[in-house]
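Next come the chains, spelled out residue by residue.
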Amino acid sequence: MINLDDVQAVQNLDTKELLSTLGQLPEQCEAAWCLAEQLELPKIGAVSNIVVTGLGVSAISGDLLRVFCGSRISVPVIVNRDYIMPEFVSADTLVFAAAYSGNTEATLSAYEEARSKNAYLIVIASGGRLTEKAVSDRITVIKLPDHMLPRLAMAQLFLPMLCVLYRLGLLEEMTGEIADMVSHLKIIREELKPEIPENQNPAKQLARLLYNRIPVFWGSAGITEVAAYRWKEIINESAKLPAFWNMLPDLDFSETLALKSHCDLQRQFFVVFLRDAYDHPMVQRRTEAIKEMIAENAAGSTDLNSSGSTTLARAFSLFYTGDYAGIYLALLCGSDPGC
Ligand SMILES: O=P(O)(O)OC[C@H]1O[C@@H](O)[C@@H](O)[C@@H](O)[C@@H]1O
């Protein structure tokens, strides 16, 4: 079994580069915000709704925008993971067409629909056909740096959308919260990076707990819901393992019934509860009850608590830990986290 503390054990140059790119996340956040601050915005009038269309990490960035704006903006934010656009999309909809690669078929198709419905459109991509189309259609493009592995580009996709909403006056003062998130990520990077030994490194410890298990991530409505989905995807893509996610309180009406029953299958499941100090008190109570309920039958469970004082810092503390844990778990499993 690989010793995660032996950085030299990482023979693969691509993985070393990947870890080094991940180590730059706080600086990448600053750059992504700056990029959108300097963008020449198209003329956008009053908007009745906002749609983020994309797949994979691009859609999850939209989920975070939806959750973040939920208590701050009076118009709905919807995430569209489809080839077609919802019927309500019209000339007063603001659409972000997000695809890191710029080549995702469904996003290209949804972009065309949004255009035909005369929605306000902004494209976020590192290049690809979506960028080419947008340029020729004279649609505003937020051009991302193109050296990232798409799955690690969540902050680059999310922050420019947030910045546009802020610049349009839909969100109140944001720069303090961005600065706070960046400083917090710089602090937790010092706990998560490869040089920190497993007995002090929460990402390595989580990877070890998930090794040889079927990972299950449970969050609750809000930032931990997005984190649970994000963790599932990062484990699928980086470690090439099956993984599942769900959210409270809803899962307490379905999945817990399965996990509390006696059946050998459940002994493979390891549940990570993604938690936040602002989780609803009822959710906190239910989480404790569920933990007890599944203790006998599942392989185990653990809590991952968000850290930081602002919503963005707390959300990204969970994502950052997941990004590192996905790579460490890949190394334990002998998978290539870079492909
Ligand atoms: O953001 P785009 O380019 O549409 O990619 C969507 C998804 O595509 C997959 O092939 C992976 O690369 C994912 O990491 C990515 O999130």
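Residues numbered from 1 in each chain as written. Predicted model: local features only at pLDDT ≥ 70, side-chain atom pairs only at ≥ 80, totals over all residues. Heavy atoms only, no water.

S.K.: Please provide a residue-by-residue account of the domain arrangement of the protein, values included.
M.R.: Here the protein is partitioned into domain 1 (24–177) and domain 2 (193–332). Taken over C-alpha atoms, the centre of domain 1 sits 28 Å from the centre of domain 2. Taken together, the 21 residues of domain 1 in the interface contact 18 residues of domain 2. Here domain 1 packs against domain 2, burying approximately 1700 Å² in sum over the two surfaces, 71% of which is carbon and sulfur. Among the residues domain 1 hides against domain 2, the three largest losses belong to Ile60, Arg151 and Glu177. Together they make up 34% of the total. Viewed at the interface, domain 2 and domain 1 are joined by 2 salt bridges. Across the salt bridge formed by Arg66 and Glu225, the nearest N and O atoms sit 2.9 Å from each other. Linking domain 1 to domain 2 there are 6 residue pairs in polar contact (both at pLDDT 80 or more). (Domains from an automatic or database assignment. Contact = heavy atoms within 4.5 Å. Buried area = accessible area lost by both parts, 1.4 Å probe. Salt bridge = Lys/Arg side-chain N within 4 Å of Asp/Glu carboxyl O. Polar contact = N/O pair within 3.5 Å; in protein donor to acceptor, adjacent residues only side chain to side chain.)

S.K.: Which residues make up the packing of aromatic side chains, and what are the values?
M.R.: Applying the stated criterion across every chain, the model contains 8 aromatic pairs. Geometrically, the ring pair formed by Phe158 and Phe316 is tilted, given 6.0 Å between the ring centres and 40° between the ring planes. One end of the pair, Phe158, is in helix H6 (residues 154–167); the other, Phe316, is in helix H12 (residues 311–333), with 158 residues separating them in the sequence. The class of Phe158 is buried, set by a relative accessible area of 0%. With a centroid separation of 5.9 Å and 20° between ring planes, the pair formed by Tyr324 and Tyr328 is classed as stacked. Taken together, the residues Tyr324 and Tyr328, both in helix H12 and 4 residues apart, mark about one turn of the helix. When sorted by exposure, Tyr324 lands in the same class as Tyr328, which is buried. Ring pairing ties together the aromatic residues Phe158, Phe316 and Phe319, which thus form one cluster. Its guanidinium or amino end placed over the ring of Tyr328, Lys204 lies 5.6 Å from that ring's centre, counting from NZ or CZ. The ring of Phe273 carries Lys291 above its face, with NZ or CZ at 5.9 Å from the centroid. (Phe/Tyr/Trp six-rings, centres within 6.5 Å; stacked < 30°, edge-to-face > 60°. Helix = DSSP H or I, 4+ residues; strand = E, 2+ residues; numbered from the N terminus. Buried < 20%, exposed > 50% of the residue type's maximum accessible area, 1.4 Å probe, protein only. Lys NZ or Arg CZ within 6 Å of the ring centre and 35° of its normal.)

S.K.: Break down H12 for me, citing the residues and quoting the values.
M.R.: End to end, H12 covers 33 Å across 23 residues, agreeing with the expected 33 Å (1.5 Å per residue, within 8%). Counting buried residues in H12 gives 22 out of 23 residues, a clear majority hidden from the surface. Just beyond H12, the residue with positive phi is Gly334, at close to 75°. (Expected span 1.5 Å × (residues − 1).)

S.K.: Let's hear about the pairing of strand S3 (residues 93–99): which residues, and what values?
M.R.: Counted residue by residue, S3 has 7 buried out of 7 residues, so it is predominantly covered. Side chains Thr93, Val95, Ala97 and Ala99 of S3 all project onto a buried face; the interleaved residues Leu94, Phe96 and Ala98 project onto the opposite face, where all are buried too. Note that strand S1 (residues 49–53) and S3 share 5 bridges and pair parallel. Of the residues in S3, the one forming a bridge with Thr53 is Ala97. Relative to strand S4 (residues 120–125), S3 runs parallel, the two being bridged by 6 bridges. (Pairing = 2+ DSSP bridges.)

S.K.: How would you sum up the UniProt feature "domain: SIS" (unreviewed entry) in the protein? Please name residues and give values.
M.R.: UniProt feature "domain: SIS" (unreviewed entry): in the numbering of this structure it lies at residues 35–173. Within residues 35–173, the helical portion is 38% and the strand portion 19%, while the C-alpha atoms at the span's ends are 17 Å from each other. (UniProt positions renumbered as here; feature names shortened; annotations may be inferred.)

S.K.: Lay out the packing of helix H3 (residues 56–70) against helix H9 (residues 223–239) in plain terms, naming residues and giving numbers.
M.R.: Where H3 contacts H9, the axes come no closer than 9 Å and their chain directions differ by 170°. Taken together, the axes of H3 and H9 are roughly antiparallel relative to one another. Residues Gly56, Val57, Ile60, Asp63, Leu64, Arg66 and Val67 of H3 lie in contact with H9, whose contacting residues are Ile223, Glu225, Val226, Tyr229, Arg230 and Glu233. When its residues are assigned to classes, the contact of H3 with H9 shows 7 nonpolar, 1 polar and 5 charged. (Axes fitted to C-alpha atoms, helices over the stretch in contact; angles between N-to-C directions. Parallel < 35°, antiparallel > 145°, perpendicular 65-115°, else oblique. Nonpolar A, V, L, I, M, F, W, Y, C, P; charged D, E, K, R; others polar.)

S.K.: Tell me about the sheet that holds strand S5 (residues 140–143), and name the residues and values.
M.R.: By way of backbone hydrogen bonds, the strands of a sheet pair with one another, either parallel or antiparallel. With parallel pairing, 5 strands are arranged side by side in an open sheet as S2-S1-S3-S4-S5. Looking along the sheet, the strands with just one partner apiece sit at the ends: strand S2 (77–80) and S5. Across this sheet, the average inter-strand angle for adjacent strands is 20°, counted without regard to direction. Relative to S5, S4 is paired through 4 bridges, and the arrangement is parallel. Bridge assignment links Ile124 to a residue of S5, and that residue is Ile142. Strand contacts of H3: S1, S2 and S3, with the helix running at about 165° to S2, the strand carrying the most contacts.

S.K.: Would you mind going over the site of the ligand in detail, with residue names and values included?
M.R.: Close to the ligand lie Leu55, Gly56, Val57, Ser58, Ala99, Tyr100, Ser101, Thr104, Pro150, Arg151 and Glu237. Glu237 places a side-chain nitrogen or oxygen 2.6 Å from an oxygen atom of the ligand. For the ligand, whose free accessible area comes to 380 Å², the fraction covered by protein is 73%. No other element matches H3, which puts 3 residues into the shell around the ligand. (Near = heavy atom within 4 Å. Areas by Shrake-Rupley, 256 points an atom, 1.4 Å probe, with all protein chains shown as cover.)

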